[in-house]
Structures are given as structure tokens and as C-alpha cells.
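What the coordinates show
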Amino acid sequence: DGVANDWRMVHLGARAVGGVGFIMAECTAVSATGRISGGCAGLWNDAQVAALKPIVALQKQFGTVTGTQISHSGRKGSAATALNGGSHLDADDPDGWEAVGPTSDAFDPDGTRLWKAPRALSVDEILEIQDQFVHSAKLALEVGYDLLEVHCAHGYLLQSFLTPLVNTRDDDYGGDLRGRAKFLLETVEKVRAVWPAEKVLS
């Protein structure tokens, strides 16, 4: 359920004990359906905050600057874990869910893995996901992170809105570069509003 475990404490704690100056936690989903797989980290509830606090505190004890990436998987969501092959799962699979994107174009349709076609997001759903990023940012502050990154790469949701190869929408969130960047820019602006000015936003 996206909750950090003892492995995370050992893995990141060991880096801090070894003298690493800055540790960026891996891609952390803003919602259950924003994960890539059911094995991915999340930051959308109090249980996740409670599990992350001592891990971040341990890193800081050794002078490490801490950060995390908040993200939404978009078209790459609803996949099996890498240990289970990483294949895309159907929405009706007990471990899967409905993937979403700017359009219904599947991720890498000609690739070796079968990626399912996502459902195109409505404007109301875009605004809801922006609110999820804001909520996750507030929780990251509660955890004690020094730096927050709004993740926009690897074909995840925000990045897929930027590219004209995928985003062929004809509403305010598509069209020219300004329209395609609208989702990202609004999200960053809303996150910046709740993330303290003295802390880095990437």
C-alpha cells in the first residue's frame, strides 16, 4: 500500500551512515492509482507519513539533506512489479487499476511489453490530480524532507502531457506548448504555494 518498510530504512540509512550528502528517495506516488505498480512507494496517507518519518530522521542524524520525488504514473500505471515481470495489468485484475493519460494512446504500443490503452482525463480529473500533488507535498513537509521534486519524466503523467507525440488534446490542456505545459505549470504553482519558500522545489 505504498508504505515504506525496514528495507527502506536499511537502504537509505546505510547511504547516510556512509556519508552521502544528499539522498533523493525514489519516485513516490501521489495516489494509489498514481503508482506504477502495487510495489511502489506512496505519499498520500498518514500511515505512509508515519513510516517515512524515522527513515528521514535517521538520514538527518548523519547530516544528510533529504528529498523525495512526487509523481503520477499516468499511462505507465497498473503494472506488475519488476520482480513479477513488469507487465501491464488489466483494470479488472485484482492487482490492477485503470490507467489514465492525456489521450487514450497506449505507452510504447510497438514495444516488447503489452501496454494497455489508458483513459483520457477530463479537466475535472486533471484538477483533482493537481490537488493530490498538493496533498502529497504537505505530507512530504510533515515527513521532514528538505527538498521536493515534482517528477516530470520517463513517460509518466506530467511528461506525457508535455509531448505533442502523445498530447493531441484540443482543450486548454493541449495544442501548442503553452497548452501542453498547462498541467505541469499549474501543478508546480499549486505545490509551490504550500511548500515553504526556504525549502528547495525542483
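Because the structure is predicted, anything quoted here is derived from the model rather than measured. (Residues numbered from 1 in each chain as written. Predicted model: local features only at pLDDT ≥ 70, side-chain atom pairs only at ≥ 80, totals over all residues. Heavy atoms only, no water.)

1. As for unusual backbone geometry
Both trends apply: most residues other than glycine have a negative phi, and most peptide bonds are in trans. With phi around 65°, Ser 78 is a residue other than glycine that occupies positive phi space. Following the sequence through the fold, Ser 78 ends up in the loop between strand S2 (65-71) and strand S3 (100-101). Ser 78 sits in the buried class, given a relative accessible area of 0%. Phi at His 154 is positive, roughly 60°, even though this residue is not glycine. (Helix = DSSP H or I, 4+ residues; strand = E, 2+ residues; numbered from the N terminus. Buried < 20%, exposed > 50% of the residue type's maximum accessible area, 1.4 Å probe, protein only.)

2. Regarding the state of the cysteines
Using the criterion set out here, one finds zero disulfides in the structure. Here Cys 40 stays unpaired: no disulfide links it, and the sulfur of Cys 27, its closest cysteine neighbor, is 6.9 Å away. With no disulfide of its own, Cys 152 lies closest to Cys 27 among cysteine sulfurs, the gap being 12 Å. Residue class for Cys 152 comes out partly exposed when judged on its relative accessible area of 26%. (Disulfide = S-S within 2.5 Å.)

3. Here's the deal with the packing of aromatic side chains
By the definition in use, this model includes two aromatic pairs. With a centroid separation of 6.5 Å and 85° between ring planes, the pair formed by Tyr 173 and Phe 183 is classed as edge-to-face. Here Phe 183 lies in helix H6 (residues 182-194) and Tyr 173 lies in the loop between helix H4 (157-162) and helix H5 (177-180), a separation of ten residues in the sequence. Under the relative-accessibility criterion, Tyr 173 is labelled buried at 5%. (Phe/Tyr/Trp six-rings, centres within 6.5 Å; stacked < 30°, edge-to-face > 60°.)

4. Quick notes on the nonpolar core
One finds Leu 121, Phe 133, Tyr 145, Leu 148, Phe 183 and Val 191 to be the most contacted residues of the largest nonpolar core, which totals 35 residues. For this core, the secondary structure elements donating two or more residues are helix H1 (6-17), strand S1 (22-29), helix H2 (46-61), helix H3 (123-143), strand S5 (147-150), H4 and H6. The leading source of residues in this core is H3, at eight residues. Once residues within four sequence positions are removed from consideration, Tyr 145 is found in contact with Ala 25, Leu 52, Val 56, Thr 66, Gly 67, Thr 68, Ala 140, Trp 195 and Lys 199. (Core = buried A, V, L, I, M, F, W, Y, C linked by side-chain atoms within 4.5 Å. Contact = heavy atoms within 4.5 Å.)

5. Points about the pattern of salt bridges
Across all of its chains, the model carries seven salt bridges by this definition. Where Glu 125 meets Arg 119, a salt bridge forms, and the shortest distance between an N and an O atom there is 2.9 Å. Look at Glu 125 and you get partly exposed, because its relative accessible area is 21%. The residue Glu 186 makes a salt bridge to Lys 182 at a minimum N-O spacing of 2.9 Å. Taken as a pair, Glu 186 and Lys 182 lie in helix H6 at a separation of four residues, close to a single helical turn. A relative accessible area of 18% means that Glu 186 is categorised as buried. The partly exposed category is assigned to Lys 182, whose relative accessible area is 26%. (Salt bridge = Lys/Arg side-chain N within 4 Å of Asp/Glu carboxyl O.)

6. Considerations on the packing of H1 against H2
Running from N to C, H1 and H2 cross one another at 15°; their axes reach a closest spacing of 9 Å. Considering the angle they form, H1 stands roughly parallel to H2. In the packing of H1 onto H2, the handedness of the crossing is right-handed. Residue-level contacts link Arg 8, Met 9, Leu 12, Gly 13 and Ala 16 of H1 to Leu 52, Pro 54, Ile 55, Leu 58 and Gln 59 of H2. (Axes fitted to C-alpha atoms, helices over the stretch in contact; angles between N-to-C directions. Parallel < 35°, antiparallel > 145°, perpendicular 65-115°, else oblique. Left-handed = near helix turned anticlockwise from the far one by under 90°.)

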